[in-house]
Structure formats: C-alpha cells, structure tokens
Amino acid sequence: MVGPRFPKSPIPGSLMSGATRRSALGLLLGAPLLSACAGVQQSLSQFSNPFSSSAPPAQPAGPPQQATTAGTGGVKVGLILPLSAAGNAGLAAQSMRNAAEMALAEFQNPNIQLLIKDDNGSPQGAQAGAQQAVDEGAEIILGPLFAQSVPAVAQVARTRGISVIAFSTDSSIAGRGVYLLSFLPESDVNRIVEYSASIGKRSLAVLVPDNAYGNVVEAAVKAAAPRRGGRIVAFEKYGADRATPARTVAQQLGSADALFIADDGDAVVTVADAMTAAGANLRNIQLLGTGLWDNPRVYASAALQGGLYAAPDPAGFRAFSGRYRTKYGAEPIRTATLAYDAVALVAALARTQGTTRFSPDVLTNPSGFAGIDGLFRFRADGTNERGLAVMKVTQGGGVAVAGSPKSFGA
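Residues numbered from 1 in each chain as written. Predicted model: local features only at pLDDT ≥ 70, side-chain atom pairs only at ≥ 80, totals over all residues. Heavy atoms only, no water.

## Quick notes on the sheet that holds strand E8 (residues 231–238)
Inference 1: A sheet is described by the order of its strands in space; here 7 strands give the open sequence E8-E7-E9-E10-E11-E15-E16, paired in mixed fashion. In this open sheet, the two edge strands, each paired with only one partner strand, are E8 and strand E16 (397–402). Strand-to-strand twist across the sheet, computed as the mean angle between neighbouring axes with direction ignored, equals 30°.
Inference 2: As paired strands, strand E7 (residues 203–209) and strand E9 (residues 258–261) are joined by 4 bridges and run parallel to one another. Bridge pairing in E9 links Ala 205 to Leu 259.
Inference 3: Here helix H7 (residues 212–227) sits on the sheet in contact with E7, E8 and E9, set at roughly 175° to E8.
Inference 4: Sheet contacts for helix H8 (residues 243–250): E7, E8 and E9; angle to E8, the most-contacted strand, approximately 165°. (Pairing = 2+ DSSP bridges. Helix = DSSP H or I, 4+ residues; strand = E, 2+ residues; numbered from the N terminus. Axes fitted to C-alpha atoms, helices over the stretch in contact; angles between N-to-C directions. Contact = heavy atoms within 4.5 Å.)

As structure tokens, then:
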C-alpha cells in the first residue's frame, strides 16, 4: 500500500509570507493521509479518556529500555515515551513508538532523526530523557504521555529555548512552549454545541461527572453555549449517586431542547438509564455527547439511539490502522495517531521552514495542519483545536451526520 505523500515544498522556492504562507503551511499534511484502507475502528474512549494518562500506573515499572534512534536526518527530535511502564501504559507507548517510526518510513526522505528515550513512566525518568535528548542536539521534544511528567520535560526544554509537543490530555500543563497534541474535551464541547445550535437546539440541560474531566467540560460548555446564542437551563454534577441529579434535571427538561451528557461509555449508559427511571422520555429530546461516546456500550443502548457526539472522522484512523497492521501485524491503540502526526509534522516543518522550523510562530500557524484525525492547530496557550465531525449513535456504530471542516475559521 502506498503511504502518504508529502510535497517537497508547498510552493516552488521559499515559502512566501502572509496569507500565501499560512495557506501553504496549512496543507503540509494534506489529504493523502486519509487514503482508503480497510480496518475496524477502535473506540476513541478506549485509550483517550481525558485525564486517564494524568498519572503513572500504580504497578511497578520494568527496567528502563535503552535509548535508541530512528532515522538518519540532520534535524534531531527527542521522543519521550513510557516504554517500560507497567500495564496498558507500556503497551500504549510501544504502539506510539511504532506509529512514530511508521511516519518516518512513510514520509519521503525526512531530514530528521528521532532520539527515542524511555521515561519509565515517571517525571524523573522523563526529565532525564529530555536532558539526554537536548544534550544530543534535539531541537524539539515530542512527548511525554503522562501529565505529571510534562513539567519536568518543559523545565529542561526551556533552558535550551526549545518547544515541547506533549501527548497529555490535561490542558492545565500547556503553555510557554508546551503544546498538547491530544484529544482535548474542549474541542468536543465546542463542536457539538456549535452543531446543536445550527439545528436549532439552543436550550441545554447538562449532566457532567464530578471529577477533573467534568470540571473541564463544565467550563467549556458554559463558555460555548452563549457564544452560539444558546443557554443552559439545567446543570447538575453527579458522583456515585446518579439518581438524584438525574431526577433534578428530568424535572427541568420541559424547558430544554437538548440534553448534554459528558462521560465515558459505561457512565453515559448509566446516567441515561437514571434519567429514564426518573421519568424522562429521552426520545423527545436531542441527546448530545463528546468523543468518549465512541463506545460499544453507547451504540448498544436503546436510550441513546440518535444521540449526537463530536469526534474525529473515523476514515483517517481506519486508513492508518490498515497500514499499521500491514507493517506490524497488530492493531494500533487509538492514540497512536498522535505520535504519527507529531513526527509527520516535525518532518514537514524541517523540510519547509528553515531555521524557524519549530518556532512558536510556525507551530501556532492559524491555518493549522491536517493529520490522521483531521485538522488541528495549536493555540498560543499550548492547547489545541481540532476540526471534528459530528457522529450519530446507531446500533451499528457511529454514523457521520456532519463532516469535519476543511479549514479553520478565524
């Protein structure tokens, strides 16, 4: 199968300034990434539940792996992953490493060399790996995965004036040269609230979990609704007791035309069942959710049929999965695309942007970049914005009702 093709330069000669430069840069990682391949989409929530990677695993890690390199280019790039961490974290790290090396193989003659460091799932290991990478000449660092390891890496990077593109979902650790290439709940909320308003559903009842994820979603939905001419007519948080908040919201559904439940698959089903038990007829209201709804339990729930949620267009991951299976004989984890996109991005920038290739001005280009999961761009505060599709819950899985945007607005 032919991998993605990247132009040697978006424009003949050096890139132009102004709008032309922004447009060209925004197309660096364009449509070839989405070439058709067979494959079964994994659940987005399986490995990308926000804040699930905020802390290292409780189990003891294995012995640290030796540092290795991939590629022979002149531009050195640090890649820090918890390769020897216990359990799913170590498995995820290996899949992300495979994806990073796959990006190198599929990019035509990349001028980069990956300096791959194992952080052992700890801040101390991440800091040591970052120090090794910069001492060896790394111009930018990709990773780490765990939120609590990011500040340790950032401290090293800032002493050398270089940027970090981390994979954590905790937006509180972004900023000052630390950019997050991950699935942030804020993008999900903004997209689904925008779409809801576009179909005339502007009065929202909201149920979110009483945890860190719920706090982020609460801030995002309370900001997004009024921007789109909407209002929140009922808002409740829930902990172990779903029944009481569900009853409270059920009593106020008469003034709402949409019900937004932000949680992972198991919890969403439980909350929907609690709403039904409280007397709510969920068929009479538009259900809304986030990318964590991409879950077999949600699709199997009778109460959630017809619900809408924001998520990356699955076509990109299906194409990526097919190529990954061909190369490695296994399925990638859902967030392996983050490592692929990070490496593809730095390879493209190294080819086209000269000595300013990893500067904040280049990384925060407002036109953004097109990756496996669609458009993305970094904000100056280090968070990101993604161009997401809107999916509908059916018993056969998620079905797109609105595609991902082809470009970002202002």
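## What to know about helix H11 (residues 314–328)
Inference 1: Its 15 residues give H11 an end-to-end C-alpha distance of 21 Å, which sits within 8% of 21 Å, the value for a rise of 1.5 Å per residue.
Inference 2: Of the positions making up H11, those classed as buried are Pro 314, Gly 316, Phe 317, Ala 319, Phe 320, Ser 321, Gly 322, Arg 323 and Tyr 324.
Inference 3: Here the buried face of H11 lies against helix H3 (87–106), helix H12 (336–352) and strand E15 (389–394).
Inference 4: Where H11 begins, one side-chain oxygen reaches toward the backbone nitrogen of Ala 315, 2.9 Å away; that side chain belongs to Asp 313. (Expected span 1.5 Å × (residues − 1). Buried < 20%, exposed > 50% of the residue type's maximum accessible area, 1.4 Å probe, protein only. Polar contact = N/O pair within 3.5 Å; in protein donor to acceptor, adjacent residues only side chain to side chain.)

## Describing the packing of H11 against H12
Inference 1: The geometry of H11 relative to H12 is characterised by a closest axis approach of 11 Å and an angle of 85° between their N-to-C directions. The angle between H11 and H12 places the two elements in the roughly perpendicular class. Along the contact surface, H11 presents Phe 317, Phe 320 and Arg 323, while H12 presents Ala 336, Thr 337 and Tyr 340.
Inference 2: Its residues assigned to classes, the contact of H11 with H12 shows 4 nonpolar, 1 polar and 1 charged. (Parallel < 35°, antiparallel > 145°, perpendicular 65-115°, else oblique. Nonpolar A, V, L, I, M, F, W, Y, C, P; charged D, E, K, R; others polar.)

## Points about the nonpolar core
Inference 1: Formed by 50 residues in total, the largest nonpolar core has its most connected members in Ile 112, Leu 114, Leu 142, Phe 167 and Phe 320.
Inference 2: Secondary structure elements with two or more residues in this core: strand E2 (75–81), H3, strand E3 (112–118), strand E4 (140–142), H11, H12, helix H13 (360–363) and strand E13 (374–378).
Inference 3: Counting residues per element, this core draws most heavily on H12, at 13 residues.
Inference 4: If we ignore the near neighbours within four places in the chain, the residues touching Leu 142 are Val 77, Gly 78, Leu 79, Ile 80, Ile 165, Phe 167, Ala 342, Val 343 and Val 346. (Core = buried A, V, L, I, M, F, W, Y, C linked by side-chain atoms within 4.5 Å.)

## Points about the packing of aromatic side chains
Inference 1: If you walk through the whole model with that rule in mind, you get 7 aromatic pairs.
Inference 2: Geometrically, the ring pair formed by Phe 320 and Tyr 324 is tilted, given 5.9 Å between the ring centres and 50° between the ring planes. One end of the pair, Phe 320, and the other, Tyr 324, are both in helix H11, 4 residues apart, so they sit about a helical turn from each other.
Inference 3: For Tyr 324, a relative accessible area of 2% gives the class buried.
Inference 4: Measuring from ring centre to ring centre gives 5.9 Å for Phe 376 and Phe 378, while their planes differ by 70°; the resulting arrangement is edge-to-face. An identical accessibility class is assigned to Phe 376 and Phe 378; each is buried.
Inference 5: Following the ring pairs from residue to residue traces out a cluster consisting of Phe 317, Phe 320, Tyr 324, Tyr 328 and Tyr 340. (Phe/Tyr/Trp six-rings, centres within 6.5 Å; stacked < 30°, edge-to-face > 60°.)

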